[in-house]
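Results of the structural survey
Here is what each chain is made of, one letter per residue.
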Amino acid sequence: MTRALQGLGPVVDRYDVFLFDMWGCLHDGHKAFAGVPDLLARLRAMGKKTIALSNAPRRVPILRTQLPGFGLDERDFLAFVTSGEAAWRALARRAHGPWSRYFHIGMDGNLTDPAEIGLAETSALDDADFVFATGAAGDGTLDMPALQPVIRAAHARGLPMVCANPDLEVLRGEQRLLCAGTLALAYEALGGTVHYHGKPHAGVYAWALELAGHPDKTRVLGVGDAMRTDVAGARAAGIDQAFIPGGIHGEALQAPMGTLPSAERMAALAAEFGFAPTYMLAELRW
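Residues numbered from 1 in each chain as written. Predicted model: local features only at pLDDT ≥ 70, side-chain atom pairs only at ≥ 80, totals over all residues. Heavy atoms only, no water.

Here the focus is unusual backbone geometry. Trans peptide bonds make up the majority, and among non-glycine residues the majority have a negative phi. Here the bond from Lys199 into Pro200 is cis, since omega is 10°, no more than 30 degrees from zero. With respect to the helices and strands, the residue Pro200 is situated in the loop between strand 11 (194-196) and helix 6 (202-211). Of note in the backbone geometry, Arg94 takes a positive phi value of approximately 55° without being a glycine. With respect to the helices and strands, Arg94 occurs in the loop between helix 3 (83-92) and strand 5 (101-105). (Helix = DSSP H or I, 4+ residues; strand = E, 2+ residues; numbered from the N terminus.)

As structure tokens, then:
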């Protein structure tokens, strides 16, 4: 049975390692939630291991530069794991194929110089070995109608896609934005091949647990706001889950951040996904 919590304080002693989602968990896309800095500082003082495990489609060095803007202190984290970094590392070791040129759908700021790993970006699908989907471009919106001809052309050429963010959508403040996962699902619907990196897939959990020193999994807690990625991924990795209903599911659950949904609405959400989280957490605070 899912246990309802207002904050993490009552269960902190049960865990040594915390894997925190970022958007909708640590911050709202603009700033850290009010209780987060205090919680992170307390966990660090207790000697807990805190890892940011994010489906951000950008590389870790880029993410680090963004932390002060969210009001987060890098010293509060043992390590950072992002889906963007996982995808980059897989491409560097040619995990999916001996490719050299990609067509990018996403913001240039998500990536560093592709020459570092022997790749080159091309603006023409005819010259590409694969499509690299990191998300939206320009103003942060993913224009699916405009991208349909692009992915149809890519599929016609038989290009595989590497998806650096399996999330379908994300909240930036009150704005709901589509993510690369939505594009990847559309590509699969056409019959295209997609290689995913990030939650809920096992690779990022294995990496995070390695960085934490291969802890006893019963002493690890995954925290996030998305049932499809955060909760499902933690369950598959064999660790407990703390679900924040006020994030991506807040509107459907009629539970603004800082509140908990009715038992009936939470039961319906759990039935929809076929599982329930270990905890239901009103917000990330002590």
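The rest of the description comes next.
So, about the sheet that holds strand 3 (residues 49-54). If you walk across this open sheet you meet the 7 strands as 1-14-13-12-2-3-4, and the pairing is parallel. Only two strands of the sheet have a single neighbouring strand rather than two, namely strand 1 (3-5) and strand 4 (79-82). Mean inter-strand twist for the sheet, computed between neighbouring axes without regard to direction, equals 25°. Across 4 bridges, the pairing between strand 12 (residues 220-224) and strand 13 (residues 240-243) is parallel. From the neighbouring strand, Val223 faces strand 13, where its bridge partner is Ala242. Its contacts with the sheet place helix 6 against strand 2 (17-20), strand 3, strand 4 and strand 12, and it is angled at close to 170° to strand 4. Contacts from helix 7 (residues 227-237) reach strand 12 and strand 13 within the one sheet, and its direction differs from that of strand 13 by about 160°. (Pairing = 2+ DSSP bridges. Axes fitted to C-alpha atoms, helices over the stretch in contact; angles between N-to-C directions. Contact = heavy atoms within 4.5 Å.)

A word on the nonpolar core. Leu8, Phe20, Leu26, Leu72, Val223 and Leu284 are the most contacted members of the largest nonpolar core, which has 36 residues in total. Listing elements by their share of this core, those giving two or more residues are strand 2, helix 1 (36-45), helix 2 (60-70), strand 12 and strand 14 (279-281). In this view, Val223 contacts Leu19, Phe20, Asp21, Cys25, Ala242, Ile244, Leu281 and Leu284; residues no more than four positions away in its chain are not counted. By size, the runner-up hydrophobic cluster in this structure holds 22 residues, among which are Ile105, Ala128, Leu159 and Cys163. (Core = buried A, V, L, I, M, F, W, Y, C linked by side-chain atoms within 4.5 Å. Buried < 20%, exposed > 50% of the residue type's maximum accessible area, 1.4 Å probe, protein only.)

Looking now at empty space enclosed by the protein. For the structure shown, the criterion picks out 1 cavity of 30 Å³ or more. Here the largest cavity is characterised by a volume of approximately 50 Å³. Along its surface, the largest cavity is lined by Leu19, Phe20, Asp21, Leu53, Lys199, Tyr205, Gly222, Val223, Gly224, Asp230 and Ala234. The set of elements that each furnish at least two residues to the lining of the largest cavity consists of strand 2, strand 12 and helix 7. (1 Å grid on protein atoms, 1.4 Å probe; cavity = no way out; pocket = protein on both sides within 12 Å on 5 of 7 lines; lining within 4 Å. Points joined across faces, edges and corners; volume = space filled by probe spheres on them.)

What follows covers helix 7. In terms of residue burial, helix 7 counts as a mostly covered element, since 8 of its 11 residues are buried. Those residues of helix 7 hidden inside the fold are in contact with helix 6, strand 12, strand 13 and helix 9 (263-273).

A separate point is the pattern of salt bridges. Per the stated rule, a full pass over the model turns up 15 salt bridges. Between Arg59 and Glu116 there is a salt bridge whose closest N-O contact spans 3.3 Å. Here Arg59, found in the loop between strand 3 and helix 2, pairs with Glu116, found in the loop between strand 5 and strand 6 (120-121); they are 57 residues apart in sequence, far enough to count as distant. A relative accessible area of 13% places Arg59 in the buried class. Here Glu116 falls in the exposed class, since its relative accessible area comes to 51%. With its nearest N and O atoms 2.9 Å apart, the salt bridge here joins Glu169 to Arg176. Ionic contacts of the salt-bridge type, sharing partners, join the residues Arg59, Glu85, Arg89 and Glu116 into one network. (Salt bridge = Lys/Arg side-chain N within 4 Å of Asp/Glu carboxyl O.)

The next subject is the layout of surface pockets. Size it by volume and the largest pocket reaches roughly 940 Å³. Together, 50 residues line the largest pocket, and Trp23, Glu169, Val170, Leu171 and Ile248 are the ones closest to its centre. Among the secondary structure elements, those contributing two or more residues to the lining of the largest pocket are helix 2, strand 9 (169-172), strand 10 (175-178), helix 7 and helix 8 (250-253). Broken down by class, the residue content of the lining of the largest pocket amounts to 20 nonpolar, 17 polar and 13 charged. (Nonpolar A, V, L, I, M, F, W, Y, C, P; charged D, E, K, R; others polar.)

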